[in-house]
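Breakdown of the fold
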Amino acid sequence: MKALLLAGGFGTRMRPLTERLPKPMAPVGNRPWLEHLIAGLKEQGIREFVIAVKHYPERITEYFGDGRKWGVSIRYAQEPVPLGTAGAIKNAEKWLDGRFVAINADVVHHADIRALAAEHERTGALVTIGLVEVADPSQFGVVEQTEDGRIVRFVEKPPREEAPSNRINAGIYIMEPEVLKKIPSGREVSIERETFPQLIAEGCRVQGVPIGGYWMDMGTSERYRRIHWDLLDGKLELELREKERGGGIRIGEGTEIAQGAMLVPPVLVGSRVKIGERAVVGPYAVIGDDCVIGRGAKITHSILWDRCTAAEAAQLNRCIVGSGLKIGSRHLLHEAVVNVIPEAETI
Ligand code: GTP
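Our subject in this report is the structure included herewith.

Rules used throughout
Residues numbered from 1 in each chain as written. Predicted model: local features only at pLDDT ≥ 70, side-chain atom pairs only at ≥ 80, totals over all residues. Heavy atoms only, no water. Near = heavy atom within 4 Å. Polar contact = N/O pair within 3.5 Å; in protein donor to acceptor, adjacent residues only side chain to side chain. Helix = DSSP H or I, 4+ residues; strand = E, 2+ residues; numbered from the N terminus. Nonpolar A, V, L, I, M, F, W, Y, C, P; charged D, E, K, R; others polar. Phe/Tyr/Trp six-rings, centres within 6.5 Å; stacked < 30°, edge-to-face > 60°. Buried < 20%, exposed > 50% of the residue type's maximum accessible area, 1.4 Å probe, protein only. 1 Å grid on protein atoms, 1.4 Å probe; cavity = no way out; pocket = protein on both sides within 12 Å on 5 of 7 lines; lining within 4 Å. Points joined across faces, edges and corners; volume = space filled by probe spheres on them. Domains from an automatic or database assignment.

Next up on the list: the site of the ligand. Around the ligand lies a shell of 19 residues, among which Leu6, Thr12, Arg13, Glu79 and Gly84 are the nearest. Between threonine 12 and the ligand, the recorded distance is 2.5 Å, taken from a side-chain N or O atom to an oxygen atom. Measuring from an oxygen atom of the ligand, one finds a side-chain N or O atom of lysine 23 at 3.3 Å. With three residues, helix α3 (residues 84-91) is the single largest residue contributor to the shell around the ligand. Residue composition of the shell around the ligand, by class: eight nonpolar, seven polar and four charged.

Structural data, given as structure tokens:
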């Protein structure tokens, strides 16, 4: 079975981090989430990928190439204009010859795709939608199902008391190729708002199956932060390059920590990082590769992407800092999300 990964959205709610980066390329535990996703799907036996790209496509195509380095094959379907979640699938039609799984590439999860596909096969559905249970469904598209799991209605963002269930669309779909014929080409089409309701209205079998395990839609900077705290707390399990040094401290290779500096767990520090005297890193800090944390700097509840500098005595609390950014000496940042346009692009 091939996987179609939707990675072309503008990520407007996660700006400025996604200003020049597709949201699925945002690092989770110091590696692009998309890389974790592809590696996880490969473990489940998926070897052929199509990535639907649009916003800064080269950030994805140049990173993954043909996928050989990851032991998979990757093709790209690039849209001339944004086509929406169903339009992007339609645009990849020429690569999709059989049953496939379509996944919102910005959703961090551990879904068992094989179990979902087995249930799809058993029910003979045209589409099987992975579902996730949430405590408060009022911010999501909620499904109403029959007893045998067939979806009969979608309700967009219902008031809590009027929600027909607490099950929402997880952004993971097993699809028969016939669905592609039902999506119009050449215009923007939303799978949630247009294609699925249309299939239900036509009487097609659209099945809903709960997926187990971790699930979090990256969506906003706040949710992006939550994903990291879940990773540090062990609620989200991912393969990390950094070695566990015991007591909730992970450190990458070549990192130098000056005497008197303090790592407060849980904390994740990448490779080749330099941490100066009396600096305090953590709790809840994720430091990217090649960062420099100056003398006496303090980084708490924050995520720094790679090549950042927090100069002497800088303090960052509840911040997210984009790649290559320098925070000046004695600068204090609280709840800031900051990014910088790479030098090569400013001319
Ligand atoms: P917001 O602008 O903040 O809503 O983010 P988004 O549009 O990037 O993400 P959204 O949650 O709406 O979309 C879910 C997934 O579908 C994400 O992985 C997006 O990258 C992807 N996606 C959304 N719209 C498009 C599109 O027009 N084309 C492609 N190829 N992918 C899309």
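Further notes follow.
The next subject is the packing of aromatic side chains. The final tally for this structure, using the stated rule, is eight aromatic pairs. Summarising the aromatic geometry, the rings of tyrosine 63 and tryptophan 70 are spaced 5.8 Å apart at their centres and angled 35° between planes, so their arrangement reads as tilted. Overall, the relative accessible area of 15% leaves tryptophan 70 in the buried class. With centroids separated by 5.7 Å and ring planes inclined at 65°, the aromatic side chains of tryptophan 229 and tyrosine 284 adopt a geometry described as edge-to-face. Here tryptophan 229 is found in helix α7 (residues 221-232), whereas its partner tyrosine 284 is found in the loop between β18 (280-281) and β19 (285-287), with 55 residues between them in sequence. Across the pair, tyrosine 284 and tryptophan 229 agree in class, each one buried.

Here we come to the layout of surface pockets. Remark: the empty space left among the atoms is shown by a probe the size of a water molecule rolled over them. Empty space within the largest pocket amounts to approximately 1300 Å³. Looking at the largest pocket, it is lined by 41 residues, and the ones nearest its centre are Arg13, Thr85, Asn104, Asp106 and Glu192. Residue assignment for the lining of the largest pocket shows that the elements contributing at least two residues are α3, β8 (151-156), β9 (167-175), α6 (191-201) and β11 (215-217). If you tally residues by element for the lining of the largest pocket, the top one is β9, at five residues. Taken together, the residues of the lining of the largest pocket break down into 17 nonpolar, 13 polar and eleven charged. No other element matches the four residues that helix α2 (residues 58-64) contributes to the lining of the second largest pocket. Taken together, the residues that form the lining of the second largest pocket break down as eleven nonpolar, six polar and twelve charged. There are two domains that each give the lining of the second largest pocket at least three residues, and those are domain 1 (2-221) and domain 2 (248-338).

By themselves, these observations are geometric and do not establish any function.
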